[in-house]
Structure formats: structure tokens, C-alpha cells
Protein chains: 2
Amino acid sequence: MMPQFLEDGHVTTPGGWRAAAAACGIRRAGRDDLALLVSDTPCTAAALFTQNKVKAAPLLYDQALLARNADGIRAVVVNSGIANACTGATGAAAAARTARTVELALALPADSTFVMSTGVIGMQLPMAKIERGIAEAGEHLAANQGPAAAWAIMTTDTRPKYCAVRVTPAHGGAITIGGMAKGSGMIHPNMATMLCFLTTDATVSVPALDAALRQAANESFHCISVDGDTSTNDTMLALANGHAGQPTINDITSADGRAFLAGLTLVCQRLAQEVVRDGEGITRFVTIKLQGATSDADARRAAMTVARSPLVKTALFGADANWGRVVCALGYSGAELDPDRVVLHFNGLKVFEHGLPLDFDEEQAHQLLDVPEILIELDLGLGPGSATVWTCDFSYEYVRINAEYRT
Amino acid sequence: MMPQFLEDGHVTTPGGWRAAAAACGIRRAGRDDLALLVSDTPCTAAALFTQNKVKAAPLLYDQALLARNADGIRAVVVNSGIANACTGATGAAAAARTARTVELALALPADSTFVMSTGVIGMQLPMAKIERGIAEAGEHLAANQGPAAAWAIMTTDTRPKYCAVRVTPAHGGAITIGGMAKGSGMIHPNMATMLCFLTTDATVSVPALDAALRQAANESFHCISVDGDTSTNDTMLALANGHAGQPTINDITSADGRAFLAGLTLVCQRLAQEVVRDGEGITRFVTIKLQGATSDADARRAAMTVARSPLVKTALFGADANWGRVVCALGYSGAELDPDRVVLHFNGLKVFEHGLPLDFDEEQAHQLLDVPEILIELDLGLGPGSATVWTCDFSYEYVRINAEYRT
């Protein structure tokens, strides 16, 4: 029973979830920049946070909250525009106060609200504006406002990213998993300025939810690269409120656990790919399928090195079947490699084998690659390890966006 | 006694060295694309080769040659245009035949000639043209042809890179160290499409020359980054012919050894910086001086992570005092870090301290950074480790060059 995408599904499609957005005017007037996600009942929670040693204030708040109340979460509040990173004690107080404001406004228990922020770093949050926004959003919570929430959390994103799937457990009935994400620049494994929110009406124990989230992340957000930078605010959060009334999932290797994991992974992959498709300055979406590595870890290492090579990415921008830069990136990836065994295809055209390039028609290859979707297939010919990762090309526009971002 | 740069010094400024260039027409007619470097007497040799697992044919040839005859080297032949990488058995035979052609033309012993190639990969060398070029160059060897050799080895380089220093040993007299390099794209530690040739008239034992080369590389070519890619052909080669008649340097910690090492390091640093200054699409040369790390290795790691961050590099292109991207890169570098202790200056302007940005004037900072040379000073405030690395910004032009390189 494969999980199925729901048409127009979003983060509050699962039962017992409501959302709202508000325009606080944090950095720009007239656009929604605050989102509220609320569950009717307490949720179990799991989260993954940035590996960056510079961690934003809300992230530190959430880490501590997760440690003390992983099964009593009711809400998430997110603002865009300001990341509340590198903001010292003032920023830490602002994160705590934001959570408390939500709890008071919605009459929720203390310690039931996660806080997240995304945007420029080093600026303090305008708390009066945030508080007004929370009050306003609190009055408009509705089950159909998931898409509005996804719009409100955007920064340099050009479009919202959300979806939902339906999963059929072994014993009948249905559970729903929804999600939304933001992020376009600074995307790399370990998650860059990337926020991902996953909601479900399944009943999932905290350990099982944590295991499912980690595994889904490994198959999705840890397989993408836009530019190799990682940020201070990245968070991936899963919340399960049990509204569907299904038996509790305690083990992701059980039949229901596997079904749930498959659904969660599907949502995460869709969102991760959407993040890449919205990569800053992207002109081509690139899938790298690598097999024949000595291990899955080696396969991931090799594929990700190709995915983040600026020389590979600029060649793809130029629709250049530059097998040399791909093979070269494999060579410095640290993965086990015998160049004579590597086989490389670009969009189905074999260009490299037995340590040598094939005598292909450059102009024909250029036409084959001058398209929005590129598939790079690599076989290292050494063992059973495989990985699929997603990246994008590196264009003039990427440089322009990032040279002008703050000005 | 500090080593002194010699005005107009080059790779054949040291005694007993001659060079010549020739136009073989390897990929383009009418430009020199072959260089010959010859010592009047046998040299000791040391070399560092790319860490890339895909190694070009000449590099494999040289590794084997170095292993069997590290104190009997007489010549180096270098071609540009074609890298002789990913060329299989044909390429291996071509490298060996190139060396043998030099040895026959100049009546040198067998196994006395290094071979190097740089340019596009996957193409076979046109051996008839190479052989004619060697014959021609062999007839024009002269001590003043070092600059011509430096021109001949260029690929996407926009200018030749060469220099020489004079070193005064403890016991009087003088030794000279010359060098030339090529490389502009794919530059990163472990050396990208980068070739560096170091010549001296000092007498240096093989182990001492090897130790000196490794240490000089650590302070120079291993401290630069243009785009983070590393290539199949990188080689750094040092040859010492003893023409100056000074006592043999057996130990780089002796007085003469230290003097020699200081001179070699100075030449390598000048050449490495020239490579960065000629980085593809560079508009700003960036020096990152980092101190206060827990170790020198951590300092190097942190500084190089900043140096290769596309977000930092695009910000520098935009003359944006983007402390956030620098601090963020430190955070994911893997180096020990306490953000609250970091102090960051851009061109002398303090922008970050105590975990917080300072309230500096953005427009003034922009003007301060809208210059060809940028100094980023970082103090991690943790320990005695320090490192200095050099990099460049990331411009539209970088993308253009690399999207169009083969077409």
C-alpha cells in the first residue's frame, strides 16, 4: 500500500490541525511574515537541528523544550524576515517571550510551543509587532490555512512548498501526513536556512517519531545541495497528534511503522526537491543517481561531492556534457574509486567508460542537456552502495542574488 | 638574513638552469604551448602530486620516476592545451615517449626527465606536434627564457607567474631559488589544475628537499582556494642542481636549511598568491588571517571553510560586509568555536564581537570593501592556533568562464 499524494494537500490537511498567517511588518509591510500551527490535542514531537556551531536563539529554545516536553506540544510559531541569530541574551529572551505569547493567546499550557525564525541574522525581533501578529493569527486559525502558513515562512523562496500524503495502516483506516518547508539559498546536507514542518494525525511514540524523522531526513534533506553552505537556523520538526485514532506506532519496523515511514519519507523528498527546484538562480534541476560504490555512505559522499562542485554546476548551467569535471569530483570525494570502472551517463547518453571518454557528438550532447531536468547516472563498479541526491546548476543569477541579498 | 626577491627573477635565474618555449599547435596555432626546463647538472628532486584519485598519465609517470631516480633529474617538459588525463594506455605511452624524446634530443641519460601536462582532459596528445616542439625548444635553450616558459604553460591564466629570491647561507655566498606556476580555475588545497616548478642552485639532499617542499606547500599552495575543486594533474616540483657550490643542506632545521626553507616558502607564497590573483573571474583578492584557534590545524580548517564558502565569496563580490556568512561558515567548519568569543574585522573595521554584530554604517562598510584587496581578520579567542589563507570573490565572470570553457 504505497502512500498517495493528496491533491492540494498541505500542512494542516491531517486531522486536528489548524493554521493561520499574519502580516506583522517585521521587515516589509503588507506581506504575511508570521505563521501559527496549532494542534487541537497534545502532540509527540521530534526534531533535527542545524549542525552549525552558531545556533539561533529559537533553535536553542526548541532544543531545551524538546528535552523537557517531547509529548506535550500544541503549537509552532514561525516568523520570516529576521532569523534571531547572533542576537545574544536579548534574542534568547525574545524567543521565549514569543512562545509564551502564543501560549497565553491560545490558552495553551506552558512549554507547549516551538518557535522558529528565518531571515537575516544579527537583527533583534520587533517584539511588539510579533505580539500583535500572534494575536491576529490566533483569531483566524483554520484547517484550510496551511498554504497561507507556507507563504508566510518564505524568505528568498519564490514559491511556497507544501504537500500531504495519505497512508493506509495495516489494520484499516487512514492516517495523513502533511508538511511545509522553506529554503532556497544555503542549502546543503545537515540542512541550511531550511525549515521543514511535518504534521500528522497518526499516534506515534516519541522514540518512533524521532527514528522516523532521522531516517526520512537521510533520504531527503540530507541528499540535497544548492551551494554547500549550512546555516544557523535549520530545523526539521515532526509533530504527531493522534487525531486519526489509529493504534500507536512504537516501532518503525512494524507494518504500520513502515507505512508511516514511507509516507513521511515521501513528504520529505517532495519538499526537499521543491527546495532545490527553488534554489537561488536555478535554471536546471539535477538528479544524481550513483550506484556501485563500496557502501551507501561512500555513494552518498561521492554523489554529494559531484552535487556541490562549482565546476560541475557551472558546466550544467552551460549544458556542457563535461564528464571530466564529474569524474574529477569523484576523484577528490574521498570515496573508494577506480577510474577505469566508472560509467557515466548524462540524460541517458553514455559519455565515459573504461577510464576514457566516449566519442560522442558534443553538439548533440549540448542539446540533450539544454533542458530543465538533468539526470546524471554514475556506476562506480565496485560494490552494492548507492545513493540518489538532488542539486541544481550554478548560474549568473545565483551570483546576483547573493551579491545583492542585503543591499 | 631575510631572502630577497630579485627584480625580474624567474625559474631559470638560479645558476645552471636554461629554458625554452615552443609553439607546437597542440590546440591553438601561434602560441607557445610547450616549455622545456633543463639543468646543466643532475638535480635532486622532490614533488607533491594531486590527492585526486583520478591521476593524469604524466603524473603517474613522474611518481614512478621520482621513486627510482630522485637524484638524477636533468629536465622537465611541460605542455599546455591537453592534460593527458583520462587517456588510458595510449596516454601513458605518450607521457613516457615525451620524456624519452627530450632525453634523446638533449643527449640526457634515460630516466632524467619529468613530464607534465595541463589543459582539457580526455584528449590524446598529438605526439608528432609535441616531438617537433621538443626538437625546436631544444635548440633554443637559454638562461633568460624562464619567462617564456612561464607563458607557454598557461591555460585559462591571463598572465604568467614567476619570481626568484636570493638567499644568503650562514657561511656566505648566495643561493638562488626560482619558480613558475600556472593555474587559475579549480584551485583548492591539495592543488587543483595547478603546476608549480621550483628550481635552485643550492645543493639539497633528497630528504631535505622533500621536507622543505612539503613545509613550503603548507604555507602557500595549501592555503589558497579559488573554487574548491581539485584536479587530476596538480604537481609541485622542486629541483636542486647544486650549481652555487654551497655545502649540502641535509637538514631544514640547520641554519642553512632554515634560510633555504624561508626562501622556498617566499617563492611558493608569491606564486600561490599570483594564482589566486589570476583566479577565474576574480574582482577582489582576499586575505583571511585567523588567530585564536585551539590549534593551527583548526585555524586552517576554519579559515579555509570561510575561504571556500560561495555565500561569503558572492558577498565579497558585492562588497557586502556580511559578517553573518563568515560567522556561519566558521560554525560549520568543524573547528572548535564559541561564537561569543569571535572577533571579526573587514579591512580594519570591527563588525562582530561578543556574539553580536556591531552597529556599523553599512554604506561606509560597503565603500571600505569596494576595493581590489580585502583583509578578513578573525580571532576565535580560544587558543594559540593561527593560519593565513588567500582566496578571491565569486563573480558573474567566474560563472561565464566555467559555463563556456569547453565550447
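Residues numbered from 1 in each chain as written. Chains lettered and ligands numbered in written order. Predicted model: local features only at pLDDT ≥ 70, side-chain atom pairs only at ≥ 80, totals over all residues.

1. A few points about the pairing of strand β5 (residues 113-120) of chain B
Where a strand is regular, its side chains alternate between the two sheet faces. Counted residue by residue, β5(B) has seven buried out of eight residues, so it is predominantly covered. The β-α-β motif built from strand β4 (residues 73-82) of chain B, the intervening helix α2 (residues 88-105) of chain B and the parallel element β5(B) has right-handed crossover chirality. (Buried ≥ 20, exposed ≤ 12 C-beta atoms within 10 Å, placed from the backbone. Helix = DSSP H or I, 4+ residues; strand = E, 2+ residues; numbered from the N terminus. Right-handed = clockwise from strand over helix to strand, strands pointing away.)

2. Topic: the packing of helix α8 (residues 310-317) of chain B against helix α9 (residues 323-332) of chain B
Any two packed helices are characterised by the angle at which their axes cross and by the distance between the axes. Residue and element names in this part refer to chain B. The interhelical angle for the contact between α8 and α9, taken along N-to-C directions, is 160°, at an axis separation of 9 Å. Looking at the two axes, α8 sits roughly antiparallel to α9. Handedness of the α8/α9 crossing: left-handed. From α8, Leu 311, Val 312 and Ala 315 reach across to α9, where they touch Arg 325, Val 326 and Ala 329. (Axes fitted to C-alpha atoms, helices over the stretch in contact; angles between N-to-C directions. Parallel < 35°, antiparallel > 145°, perpendicular 65-115°, else oblique. Left-handed = near helix turned anticlockwise from the far one by under 90°. Contact = placed C-beta atoms within 7 Å.)

3. Focus on the interface of chain A and chain B
Each partner contributes residues to the interface: chain A has 45 residues there, and chain B has 46 residues. Those elements that provide at least two residues to the side of chain A that touches chain B are α8 (310-317), α9 (323-332), β14 (356-357) and α11 (396-404) of chain A. A per-element tally of the side of chain A that touches chain B places α9(A) first, with six residues. Of the residues contributing to the side of chain A that touches chain B, the split by class is 20 nonpolar, 19 polar and six charged. (Nonpolar A, V, L, I, M, F, W, Y, C, P; charged D, E, K, R; others polar.)

4. Brief notes about the packing of α2(B) against helix α3 (residues 127-138) of chain B
Residues and elements named next belong to chain B. Remark: α2 packs on α3, axes separated minimally by 10 Å, with the N-to-C direction vectors making an angle of 25°. If you check the angle between α2 and α3, you find them roughly parallel. Taken as a pair, α2 and α3 cross one another with a handedness that is right-handed. Taken together, the residues of α3 that come into contact with α2 (itself represented by Ala 94, Arg 97, Thr 98, Thr 101, Val 102 and Ala 105) are Met 127, Ile 130, Glu 131, Ile 134, Ala 135 and Gly 138. Its residues assigned to classes, the contact of α2 with α3 shows seven nonpolar, three polar and two charged.

5. Observations concerning the confidence of the model for chain A
The predicted structure's coordinates, where accompanied by low pLDDT, should not be read in detail. Residue and element names in this part refer to chain A. In this model, chain A carries a mean pLDDT of 92, and residues with pLDDT of at least 70 account for 95%. Scored below 50 in pLDDT, residues 186-192 shows 38 contacts in the model against residues more than four places distant or in partner chains. Note on the complex model: pTM 0.85, ipTM 0.80. (pLDDT = per-residue confidence, 0-100.)

6. Let's talk about the domain arrangement of chain A
Here the domain parsing of chain A yields domain 1 (4-277) and domain 2 (285-404). Put simply, the middle of domain 1 of chain A and the middle of domain 2 of chain A, counted by C-alpha atoms, are 33 Å apart. (Domains from an automatic or database assignment.)

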